[in-house]
Amino acid sequence: MAPNASKPEDLDDYGYLREAIHKFTKGATTGFSVYAALTVIKALLQARLVKSPKTVLKDVFSLDNIRFSLFLGAYPAVYKLALHILRKKCNKKTDKHYVIAAAIASLTCLLENPDRRKSFAVFLLARAIGGVYNAALKRNNIPPMRHDVTLVFGAATGLVIYAVAKDPSLLPKGYYNAIKAWSRDYSEENLQTLFRVPCDKHIPCESVLHPGRSCLGHGLREFFATLVPSAEVYLPIHLLPFLMKYKAIIQSPADEMLSFFTKMARSTMFMSVTGIVMRTCMCLLYTYVRPTPPPVQSYKPYLSGFIGASIGLQFESVNRQGELAMYVAPSAINAIYILARRHGVFPDVPYGSTMVFTLAMVAIMYVYEKDATSLSRMINNGLVYLCGKPEHTPVSKNHDNEKYVIESNSTCVHKA
């Protein structure tokens, strides 16, 4: 909303129309700028900006960017207009209006290309489940469960590692290649030899992965080898927020620097510890627990991923544990959906991704308007920017036994 605009309650029909146009313009402009910036950055990394600037310019003004920009502008505009029309027609405000308005606005996802629409649907479904779960915990509608974030992260990561080892078609190609690059020794050839291609005898992992070294020795060597690459991954993630707090840095530079390096150290340890535990568990399970000729039993890569992720996550800060769980969850949900389709559990439904997107956004918008802090910080900030501030004050009530506190990043924190 513009700084001098009236409050929503004071706007007439034309005022709401102007507000919708403003939100559409803001969202579309933001979408176009973000898409263009990412396109230029990608071209710079690939050295295409100098070699073929016309191609990069064509990508910036592509139909794909226009579709993305229109969607990002249309959703908040349609949501606000639908909410106003419903309230005017009923002559009152009810919670069901949030649900209906969100469902109507979700149809704007048809402006998007099908692949990105599906990615958005899976991503937002995971966020919606997390938001509803946190909102229910706050209101004591469900009993709290200890280590809930760890269990979600471990279960999702276990499924991802299973897919890497046994069935890469369950994962997006880029995501699969990134995991292989991070795992270093698990090349495509090694994965095929140890885990996928049938063989008439058991193949020792040391003959393929770590000749001349034990499983534990190999894991320890890889731990130290991945410390620097892990730090490089997390440097921009922590450096950008650090630089944005320049006022706090000027006021207390020592404290801010200590906080920055602490976060970097914890994230680096999380990634490296997760790697060493996964590798070691995989080797030990593969070699000593019912060793059989390839292909490997499905539970072995799953257990390795679950154990490694669950242990490694404890090195991360509580504020980031929930975000990490929500980062991996969409890939796991998508993998489950593909497996279910293969076994005939889910039929081929036309516009299924649109239905999932609608279901997710209905849940997200309801939680956002009623108790925004139950959503992750990223989703919350994005909706504030595009749709405006929520209409209700967030719930601040904790559980009666005061053993749990729900953080604004959708993480359930257990008090000591």
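Residues numbered from 1 in each chain as written. Predicted model: local features only at pLDDT ≥ 70, side-chain atom pairs only at ≥ 80, totals over all residues. Heavy atoms only, no water.

Considerations on the packing of aromatic side chains
- In total, this model carries 14 aromatic pairs according to the counting rule given.
- Centre to centre, the rings of Tyr-35 and Phe-68 are 6.3 Å apart; their planes meet at 40°, and the pair counts as tilted. Highlighted residues: Tyr-35 in helix α1 (residues 13-45) and Phe-68 in helix α4 (residues 63-90), separated in sequence by 33 residues.
- Here Tyr-337 and Phe-346 contribute two aromatic rings whose centre-to-centre distance is 5.8 Å and whose plane-to-plane angle is 20°, an arrangement assigned as stacked.
- Given the relative accessible area of 31%, Tyr-337 is considered partly exposed.
- Judged by its relative accessible area of 41%, Phe-346 falls in the partly exposed class.
- Taken together, Phe-71, Phe-120 and Phe-357 form an aromatic cluster joined through their ring pairs.
- Over the aromatic face of Tyr-385 sits the side chain of Lys-26, whose NZ or CZ is 4.1 Å from the ring centroid. (Phe/Tyr/Trp six-rings, centres within 6.5 Å; stacked < 30°, edge-to-face > 60°. Helix = DSSP H or I, 4+ residues; strand = E, 2+ residues; numbered from the N terminus. Buried < 20%, exposed > 50% of the residue type's maximum accessible area, 1.4 Å probe, protein only. Lys NZ or Arg CZ within 6 Å of the ring centre and 35° of its normal.)

Points about the side chain of Lys-180
- As for its placement among the helices and strands, Lys-180 is situated in helix α8 (residues 173-183).
- There is a polar contact of 2.9 Å between the side chain of Lys-180 and the side chain of Glu-188.
- If sequence neighbours within four positions are ignored, Lys-180 has contacts with Tyr-186, Glu-188 and Leu-191. (Polar contact = N/O pair within 3.5 Å; in protein donor to acceptor, adjacent residues only side chain to side chain. Contact = heavy atoms within 4.5 Å.)

Some remarks on the pattern of salt bridges
- Per the counting criterion, the structure on display carries 18 salt bridges.
- Its salt-bridge partner being Glu-188, residue Arg-196 comes within 2.8 Å of it at the nearest N-O pair.
- The partner of Glu-222 in a salt bridge is Arg-279, with the nearest N and O atoms 3.8 Å apart. Remark: Arg-279 occurs in helix α13 (residues 253-288) and Glu-222 occurs in helix α10 (residues 215-225); sequence separation between them is 57 residues.
- By relative accessible area, which is 6% here, Arg-279 ends up buried. (Salt bridge = Lys/Arg side-chain N within 4 Å of Asp/Glu carboxyl O.)

Description of the confidence of the model for the chain
- Looking at the chain as a whole, the pLDDT averages 87, with 91% of positions reaching at least 70.
- Per-residue pLDDT stays below 50 along residues 1-9; that stretch engages in 10 contacts with residues further than four places along the chain or on separate chains.
- Contacts for the low-pLDDT stretch residues 397-416, under 50 throughout, to residues beyond four places or in other chains number 58 contacts. (pLDDT = per-residue confidence, 0-100.)

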